[in-house]
Amino acid sequence: IAASSSPRLHRLAGRQAGIDVSYERFVPPQLGQPFPAVLAGCAAQGYRGVNVTYPYKEVAAGLVRIDDPLVRAIGVVNTVIFGPEGPEGHNTDHSGFIAAYRAARGDLAPGPVLMIGTGGVGRAVAFGLLALGVAELRLADRDPAKAEGLAQALRAARPGVMVRTGSVET
């Protein structure tokens, strides 16, 4: 997180929206606390929300309510909002991809897609493609097991979608 542009980007977005945004770095090992305690502490201290990064995104998903079934299927959250009903998880890679796609293509469903790379952001984008109505998705990764794992998760989330896998050699 020390090299991340997230603090600057969040502050800039806040200024553009007329919102006073602070971005504090809460690194569990530096604080001598496990991630769940840090997350609970942020809620108790009155933070509105937090940005979550590697390696805590999967852990965060298990600690929060996730209303979007596709985000729940992704199993990763990078944003937690603290509300009256408890912490709620979101994946802005997923929602940001969907918003950008719709801004460029409107309601037009994607045609067949070849996606190279099935890591964290790739996983979020693949589930975004499901939300947009993709009928055929081809996944390629240097790690065939990772691509196949994502393919199985996509098929479980949307039976009937055609998902194929392959490997990428370097």
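Residues numbered from 1 in each chain as written. Predicted model: local features only at pLDDT ≥ 70, side-chain atom pairs only at ≥ 80, totals over all residues. Heavy atoms only, no water.

A separate point is the pattern of salt bridges. Tallied over the entire structure, the rule returns six salt bridges. R65 is paired through a salt bridge with D67; the nearest N and O atoms lie 2.9 Å apart. Given a relative accessible area of 43%, D67 falls into the partly exposed group. Two residues, E88 and R65, come together in a salt bridge whose shortest N-O distance is 2.6 Å. In this pair, E88 is assigned in strand β3 (residues 86-90) and R65 in the loop between α4 (57-61) and α5 (69-74), connecting sequence segments 23 residues apart. Owing to a relative accessible area of 29%, R65 belongs among the partly exposed residues under this scheme. Through salt bridges with shared partners, a single ionic network connects R65, D67 and E88. (Salt bridge = Lys/Arg side-chain N within 4 Å of Asp/Glu carboxyl O. Buried < 20%, exposed > 50% of the residue type's maximum accessible area, 1.4 Å probe, protein only. Helix = DSSP H or I, 4+ residues; strand = E, 2+ residues; numbered from the N terminus.)

Another point: helix α1 (residues 6-17). Between its terminal C-alpha atoms α1 stretches 16 Å, which fits the 16 Å expected from 12 residues at 1.5 Å a residue. Of the residues making up α1, those classed as buried are S6, P7 and G14. Mapping the buried residues of α1 onto a view down its axis gives an arc of 100°, with all of them on the same face. Along α1, the residues that are exposed and aim more than 90 degrees away from the buried face are R8, R15 and Q16. Positive phi shows up at G18, right after α1, with a value of about 75°. (Expected span 1.5 Å × (residues − 1). Arc of directions from axis to C-beta.)

Turning next to the side chain of D141. Residue position: D141 is located in strand β5 (residues 136-141). Note on D141: relative accessible area 9%, which makes it buried. From its side chain, D141 meets the backbone nitrogen of D143 in a polar contact 2.8 Å long. (Polar contact = N/O pair within 3.5 Å; in protein donor to acceptor, adjacent residues only side chain to side chain.)

By themselves these figures say nothing about function.
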